[in-house]
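# Working through the structure, step by step
So the chains spell out like this:
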Amino acid sequence: MNVIAYILKIWPKRWVSTALVVMAILYLTIVPRPLPDDTINFPGLDKLIHAVMFGGLAFVASIDKARRSRCSFTMPSSKAVVIIVFATILFGGAVEIAQMLTGLGRSADWIDFVADVAGVVAGAWIAIIVLRRWISRFGNTTC
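Below, the structure is looked at part by part.

Conventions used here
Residues numbered from 1 in each chain as written. Predicted model: local features only at pLDDT ≥ 70, side-chain atom pairs only at ≥ 80, totals over all residues. Heavy atoms only, no water. Phe/Tyr/Trp six-rings, centres within 6.5 Å; stacked < 30°, edge-to-face > 60°. Helix = DSSP H or I, 4+ residues; strand = E, 2+ residues; numbered from the N terminus. Buried < 20%, exposed > 50% of the residue type's maximum accessible area, 1.4 Å probe, protein only. Salt bridge = Lys/Arg side-chain N within 4 Å of Asp/Glu carboxyl O.

## So, the packing of aromatic side chains
- With the rule as written, the count across this model stands at two aromatic pairs.
- With a centroid separation of 5.8 Å and an interplanar angle of 50°, the aromatic rings of F54 and F91 are classed as tilted. Of this pair, F54 sits in helix α3 (residues 45–66) while F91 sits in helix α4 (residues 78–102), placing them 37 residues apart in sequence. Across the pair, F91 and F54 agree in class, each one buried.
- Summarising the aromatic geometry, the rings of W110 and F113 are spaced 6.0 Å apart at their centres and angled 80° between planes, so their arrangement reads as edge-to-face. Taken together, the residues span about one helical turn, with W110 and F113 both in helix α5 (residues 110–138) at a distance of three residues.

## Topic: the pattern of salt bridges
- Summed over all chains, the structure comprises three salt bridges.
- A salt bridge links D109 to K47; the shortest N-O distance between them is 2.7 Å. With D109 in the loop between α4 and α5 and K47 in helix α3, the pair connects residues that are 62 residues apart, well separated along the chain.
- Overall, D109 belongs to the partly exposed group, its relative accessible area being 24%.
- In this structure K47 comes out as partly exposed when scored by relative accessible area, which is 24%.
- Between D112 and K47 there is a salt bridge; the shortest N-O distance is 2.7 Å. On the criterion of sequence distance, the pair formed by D112 in helix α5 and K47 in helix α3 is long-range, its members being 65 residues apart.
- Salt bridges here are not isolated pairs; linked through shared partners, they connect D46, K47, D109 and D112.

Below, the structure written as structure tokens:
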């Protein structure tokens, strides 16, 4: 059996992946010092991490929206993708505001928000490309 088909059969209902990514982002962005100090440090690393986190969220949410059942996918409508993009951007803005207001030692940075937006656009775009190729290769059903 195809490994991907097996994973799709056992994975819980749609939106679970999106919820897990949201929880991970909240933990990594709100909790003071969620990870040990890193030894890898280069200019812009924080911005890259923001872009990857929020791009990953847009990607996963787009894939979850495309999932009709455990093994069936259809292309999400343009309207659905736009809603996902705007909702994810709003979430990124809310995270920055929460960092500013909570007083937990985190600071808001509007350049982080710009990185979030760039990641969201890239993540949604990559999801659409992946879904188009997936559906053209395997059709709407993988199991």
